[in-house]
Amino acid sequence: MIALGSDHGGFELKQAIMKHLDEKGVEYKDFGTYSTDSCDYPDYAKAACQAVTKGECEKAILICGTGIGISMAANKVKGIRAACCSDYFSAKYTRLHNDANALCMGGRVVGPGLACELVDVFLETEFEGGRHQKRIDKITAIENER
Ligand code: RB5
């Protein structure tokens, strides 16, 4: 199960991603927003990311206008490693090397075709582990200092 969240700036792209996931048979839960009315991206980042950290969802896909604000909010949720991506290489390597569990994109940055490719590679790529695990552990240690 994939958690989805967006603000108004990401609403349209989220609709395209939901259609893509439907076609692929990937299950998701949409944590809002549900219209193009102006709203605040931290609310949707929090709801979708908490579904991930509670174990209800495996990963989150989050969209705002730039992808930046919603990634900042997502990275405040303990246990979330959110990556704002607008290219294929980054979406792939943030899984391989960072074990990212949230993909953030900008609805005003990437088109639906590229966004769906980023979603696919993000969902299909496994973490490499090995030397990268200790770096993830160091991120977690910083988080635990709070
Ligand atoms: C909303 O206008 C916009 O600021 C938001 O979607 C996002 O781009 C923030 O980072």
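Residues numbered from 1 in each chain as written. Predicted model: local features only at pLDDT ≥ 70, side-chain atom pairs only at ≥ 80, totals over all residues. Heavy atoms only, no water.

Draft legend 1. Structural context of helix 5 (residues 112–124). Between its terminal C-alpha atoms helix 5 stretches 18 Å, which fits the 18 Å expected from 13 residues at 1.5 Å a residue. Among all positions in helix 5, only A115, C116, L118, V119, D120, V121 and F122 are buried. As for helix 5, its buried residues are in contact with helix 1 (11–24), strand 3 (59–64), helix 4 (88–96) and strand 5 (102–106). (Helix = DSSP H or I, 4+ residues; strand = E, 2+ residues; numbered from the N terminus. Expected span 1.5 Å × (residues − 1). Buried < 20%, exposed > 50% of the residue type's maximum accessible area, 1.4 Å probe, protein only. Contact = heavy atoms within 4.5 Å.)

Draft legend 2. Broad picture of the packing of helix 4 against helix 5. Orientation of helix 4 relative to helix 5, taken along the N-to-C sense of each, is 20°, at an axis distance of 8 Å. Between helix 4 and helix 5, the angle is such that the two are roughly parallel. Here helix 4 runs over helix 5; the crossing is right-handed. Taking contact as the criterion, the partners of Y88, A91, K92, T94 and R95 in helix 4 are, on helix 5, E117, L118, V121 and F122. By residue class, the composition of the contact of helix 4 with helix 5 is five nonpolar, one polar and three charged. (Axes fitted to C-alpha atoms, helices over the stretch in contact; angles between N-to-C directions. Parallel < 35°, antiparallel > 145°, perpendicular 65-115°, else oblique. Left-handed = near helix turned anticlockwise from the far one by under 90°. Nonpolar A, V, L, I, M, F, W, Y, C, P; charged D, E, K, R; others polar.)

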